[in-house]
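Single-letter residue listing:
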Amino acid sequence: MRRADRLFQIVQILRNRRLVTAKVLAERLEVSERTIYRDIQVLSLSGIPIEGEAGVGYMLRHSLDIPPIMFSAAELEALVIGARMVKTWAGKELGHSAQSVLDKVTAVVPAELREQLERSKLFALRFSPREDLDVTMDICRKALDGKRLLSMDYRRADGTFSQRRIRPLGLYFWGNVWTLVGWCELRGDFRNFRLDRILRALVLDEVFTDDAGQTLQDFIRRMQCVPQ
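What you see is a predicted model, and the numbers here were worked out from it, not measured in a lab.

Rules used throughout
- Residues numbered from 1 in each chain as written.
- Predicted model: local features only at pLDDT ≥ 70, side-chain atom pairs only at ≥ 80, totals over all residues.
- Heavy atoms only, no water.
- Salt bridge = Lys/Arg side-chain N within 4 Å of Asp/Glu carboxyl O.
- Helix = DSSP H or I, 4+ residues; strand = E, 2+ residues; numbered from the N terminus.
- Buried < 20%, exposed > 50% of the residue type's maximum accessible area, 1.4 Å probe, protein only.
- Pairing = 2+ DSSP bridges.
- Axes fitted to C-alpha atoms, helices over the stretch in contact; angles between N-to-C directions.
- Parallel < 35°, antiparallel > 145°, perpendicular 65-115°, else oblique.
- Contact = heavy atoms within 4.5 Å.
- Nonpolar A, V, L, I, M, F, W, Y, C, P; charged D, E, K, R; others polar.
- Expected span 1.5 Å × (residues − 1).

Asks: Looking at this structure, I do not really get the pattern of salt bridges. What am I missing?
Replies: Opposite charge on two side chains permits pairing when their charged atoms draw close. By the definition in use, this model includes 18 salt bridges. A salt bridge links Arg-28 to Asp-103, with the shortest nitrogen-to-oxygen separation between them at 2.4 Å. Taken together, the residues Arg-28 in helix 2 (residues 22–29) and Asp-103 in helix 5 (residues 92–108) connect sequence positions 75 residues apart. Judged by its relative accessible area of 26%, Arg-28 is partly exposed.

Below, the structure written as structure tokens:
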């Protein structure tokens, strides 16, 4: 996270709570308490009205004047469950971003809607760590965003192991598992790979281009022609 983004996040967190310790901020933003102390000093020197001290906690002296964002109750409910699902099922990076969205929305909605947002009874849960969600998801997204080849060790449903080099094209969520669709250089064709069967994934430096017949749109057109 860039420092500018972190400073913004600190302000949003302080807006939503009466008193927040450096320890809580450090855990939330995954930095050291020393970094939080420096950030608080930077914010104070820039004119943000922060009160408090190390070991006690920090708070905003008065509300910052940021224009409100208006949502209906149903829209807020959709934001909450969407963000919670992303936090649970879409990898660490997007999970942090989803929490950031909730923080920003909570900071600017009127008090009565803020209370409704905080009382939401919609949840998305999982009860154990999963490498496909905690590690592999972010690796695949990095390859997708950079249009870079992905090298992987893969275990098929029958237990057979193989090494693949693929052009990653898209990620699909099926309720409990994600699949990665890509152009497989080994097979010379499209293939779907379950993230929970990828044993190792490495983003390569090689960048690929959208060759005719090997794009996500080509894959979708082929699937639309498959009899249901």
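We are not done yet, so read on.
Asks: It is not clear to me how the sheet that holds strand 4 (residues 161–173) should be interpreted in this structure. Could you clarify?
Replies: Strand pairing in a sheet relies on backbone hydrogen bonds. The paired strands run either parallel or antiparallel. Read across the sheet, 5 strands follow the order 6-5-4-3-7 without closing on themselves; strand pairing throughout is antiparallel. Looking along the sheet, the strands with just one partner apiece sit at the ends: strand 6 (189–194) and strand 7 (198–207). For this sheet the average axis-to-axis angle between neighbouring strands, irrespective of direction, equals 45 degrees. Here strand 4 runs beside strand 5 (residues 178–184); their pairing, made up of 7 bridges, is antiparallel.

Asks: Please clarify how the packing of helix 2 against helix 3 (residues 33–45) should be interpreted in this entry.
Replies: When two helices pack together, you describe them by how their axes are tilted relative to each other and by the distance separating the axes. Interhelical geometry of helix 2 versus helix 3 gives an angle of 105 degrees and a closest axis separation of 8 Å. If you check the angle between helix 2 and helix 3, you find them roughly perpendicular. Here Ala-22, Lys-23, Leu-25, Ala-26 and Leu-29 of helix 2 lie close against helix 3, whose contacting residues are Glu-33, Ile-36, Tyr-37 and Ile-40. A class-by-class count of the residues in the contact of helix 2 with helix 3 yields 7 nonpolar, no polar and 2 charged.

Asks: Which parts of the structure should I look at to understand helix 4 (residues 73–89)?
Replies: Structurally, the α-helix is built with 3.6 residues per turn, so residues lying three or four positions apart point the same way. For helix 4, which comprises 17 residues, the first-to-last C-alpha distance of 24 Å matches the rise-based estimate of 24 Å (1.5 Å per residue) to within 8%. Here helix 4 has its buried residues at Leu-76, Val-80, Ala-83, Thr-88 and Trp-89. As for helix 4, its buried residues are in contact with helix 5, helix 6 (111–118), helix 7 (131–146), strand 4 and strand 5.

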